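Letter by letter, the chains look like this.
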Amino acid sequence: MLCINPRTAAACVALAAVGWSAGFMTSPASAQTYPSKTITLIIPFAAGGPSDTLGRITADHMGRTLGQQIVVENVGGAGGTVGTERAAKAAPDGYTLFQHHTAHPAAQSLYSNLRYDTRTAFETIGLINTGPMVLTSRKSLDVQDGKSLIAWMKQQGDKATVAHAGVASNSHLCALLLMQIAGSKPSLVPYRGTGPAMNDLVAGQIDVLCDQATTATPQVVAGTIKAYAVTSAERLPALKDVPSSKEAGLTGFDMVIWNGFYAPRGTPKPILETLHAALQKMVDDPKVIERFAQTGTVTFPKEQRSMEAHRKLLESEIERFAVMIKATGMKQEEAK
Ligand code: MLT
């Protein structure tokens, strides 16, 4: 804190002390006693979707390990970039954390004016899990397989509606892939997350949604929606009756997503190590592994779980999306 006027120096010292204890700066002592109060976990999509579902598992498990409550805050909008900006600008004191997926590196190329730099805004704490997307439709759609869905979309043109969670989100990228394969231009309907999009699909108000296996699986199993393909080379054990993209005749309809755990840049190393250890405890827990399996996702092998491996994956994904997005000539969005 800069104190120029000597007459206000005492107040300035007092303010500095408040700033210190409020966590604007983190002393070595506070890193040692971390965490001593409730932690907020920012999820950049609406409640009820796959990011929220995973965030709540993580908050519960890591909260129990750390001995402090972790409260999930859903900050949806603009394909996850609104919540990402909020997390990037939070105090780097370990009390605001962030979970995001493949849309994080994709957004770097799909938005022209992000107010954070994906490469430098966050400390990487570790990778959580990975899994495919599932191509689904409302139950009442009179289409029985992937190829017929493509034919139906071609015939419907912009009368067909495809939901997604905003530009750069997984559901948006998956919708674009589907449109490329189908050679059709349906009406794209943006939501603040696939939680509300899935509600509308179940209610029959939207035709098609490509969502992560995490939240698509329980609906498919319950028979509330139809599934045509998983975006992977193999079927999912949790969805044995749903064909792989190849089996469904959807060549190139392949997409794997991953989730990672972050803290704002500058969070002290001892705090990052505490969080990394708590995250490892969670991904090693057989109950969590079983829960992930039921929703079609798996944890990463041990050698890919370090904070450095997470950073390397993030950086390589930023490059991969930059090349891919340039090649498709996609237009960039303005960040909100
Ligand atoms: C969500 O939780 O809403 C999804 O992760 C959004 C998406 O990327 O499709």
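Residues numbered from 1 in each chain as written. Predicted model: local features only at pLDDT ≥ 70, side-chain atom pairs only at ≥ 80, totals over all residues. Heavy atoms only, no water.

### Some points on the overall build of the chain
Assigned secondary structure in the chain consists of 12 helices and 10 strands. In terms of overall size, the chain behaves like a compact globule, its C-alpha atoms giving a radius of gyration of 21 Å where 336 residues would be expected to give roughly 20 Å. Reported as C-alpha extents along the three principal axes, the dimensions of the chain are approximately 75 × 40 × 35 Å. When burial is assessed residue by residue, the chain has 54% of its 336 residues classed as buried. A separation threshold of at least 6 residues defines the contact pool for the chain, and within that pool the share at least 24 residues apart is 78%. Put simply, the chain shows about 15,100 Å² of open surface, and 56% of that area lies on carbon and sulfur atoms. Between the centroid of the 32 positive side chains of the chain and the centroid of its 28 negative side chains there is a distance of 3 Å. (Helix = DSSP H or I, 4+ residues; strand = E, 2+ residues; numbered from the N terminus. Rg over C-alpha atoms; globule rule 2.2 N^0.38 Å. Buried < 20%, exposed > 50% of the residue type's maximum accessible area, 1.4 Å probe, protein only. Contact = heavy atoms within 4.5 Å. Areas by Shrake-Rupley, 256 points an atom, 1.4 Å probe, with all protein chains shown as cover. Lys, Arg positive; Asp, Glu negative; His and termini not counted. Charge placed at Lys NZ, Arg CZ, Asp CG, Glu CD.)

### Quick word on the site of the ligand
Lining the immediate environment of the ligand, one finds Phe45, Gly49, Pro50, Ser51, His101, Ala165, Ser169, Asn170, Ser171, Gly193, Thr194 and Gln212. Contact between the ligand and His101: an oxygen atom at 2.8 Å from a side-chain N or O atom of the residue. Protein chains shield 100% of the accessible area of the ligand, which is 270 Å² for the free molecule. Of the residues in the shell around the ligand, the class split is three nonpolar, nine polar and no charged. Each of two domains, domain 1 (39-130 + 257-328) and domain 2 (132-239), supplies a minimum of three residues to the shell around the ligand. (Near = heavy atom within 4 Å. Polar contact = N/O pair within 3.5 Å; in protein donor to acceptor, adjacent residues only side chain to side chain. Nonpolar A, V, L, I, M, F, W, Y, C, P; charged D, E, K, R; others polar. Domains from an automatic or database assignment.)

### Observations regarding the environment of His61
Tracing the chain through its elements places His61 in helix α3 (residues 50-66). Taking relative accessible area as the criterion, His61 reaches 7% and is therefore assigned buried. Along the chain, His61 and Ala278 lie 217 residues apart, while their C-alpha atoms are 8.3 Å from each other. Sequence-distant contacts of His61, that is, excluding residues within four places in its chain, are made with Lys281, Met282, Asp285 and Val288.

### So, helix α6 (residues 146-156)
Along α6, the residues classified as buried are Gly146, Leu149, Ile150, Trp152 and Met153. Seen along its axis, α6 keeps its buried residues to an arc of 160°; they face one direction. Seen from the open side of α6, the exposed residues pointing more than 90 degrees away from its buried face are Lys147, Lys154 and Gln155. Residues of α6 that are buried make contact with β4 (122-138), β5 (161-164), α7 (170-182), β7 (208-212) and β8 (225-230). (Arc of directions from axis to C-beta.)

### What to know about the packing of α3 against helix α10 (residues 269-283)
Interaxial distance between α3 and α10 falls to 9 Å at its minimum, and their mutual angle equals 115°. Of the two possible hands of crossing, α3 and α10 adopt the one that is right-handed. For the pair α3 and α10, the contacting residues are Ile57, Thr58, His61, Met62, Thr65 and Leu66 in the first and Thr274, Leu275, Ala278, Leu279, Lys281 and Met282 in the second. Of the residues assigned to the contact of α3 with α10, the class counts are seven nonpolar, four polar and one charged. (Axes fitted to C-alpha atoms, helices over the stretch in contact; angles between N-to-C directions. Left-handed = near helix turned anticlockwise from the far one by under 90°.)

### What about the pattern of salt bridges?
A side chain with one charge may pair with a side chain of the opposite charge, provided their charged atoms come close. A full pass over the atoms with the stated rule returns 13 salt bridges. With its nearest N and O atoms 3.1 Å apart, the salt bridge here joins Asp284 to Lys302. Separated by 18 residues along the polypeptide, Asp284 in the loop between α10 and α11 (286-294) and Lys302 in the loop between β10 (298-299) and α12 (307-328) bring together distant segments of the chain. Judged by relative accessible area, which is 36%, Asp284 ranks as partly exposed. Notably, a salt bridge pairs Glu317 with Arg320, separated by 2.7 Å at the nearest N-O pair. (Salt bridge = Lys/Arg side-chain N within 4 Å of Asp/Glu carboxyl O.)

### A few points about the packing of aromatic side chains
Summed over all chains, the structure comprises four aromatic pairs. With a centroid separation of 4.8 Å and an interplanar angle of 20°, the aromatic rings of Phe98 and Phe122 are classed as stacked. With Phe98 in strand β3 (residues 96-100) and Phe122 in strand β4, this residue pair connects regions lying 24 residues apart in the sequence. The exposure classification of Phe98 matches that of Phe122, with both residues buried. One Lys or Arg, Lys37, reaches over the ring of Tyr95 and ends 4.6 Å from the middle of that ring. A cation over a ring is seen here: Arg320 above Phe321, with NZ or CZ 4.7 Å from the ring centre. (Phe/Tyr/Trp six-rings, centres within 6.5 Å; stacked < 30°, edge-to-face > 60°. Lys NZ or Arg CZ within 6 Å of the ring centre and 35° of its normal.)

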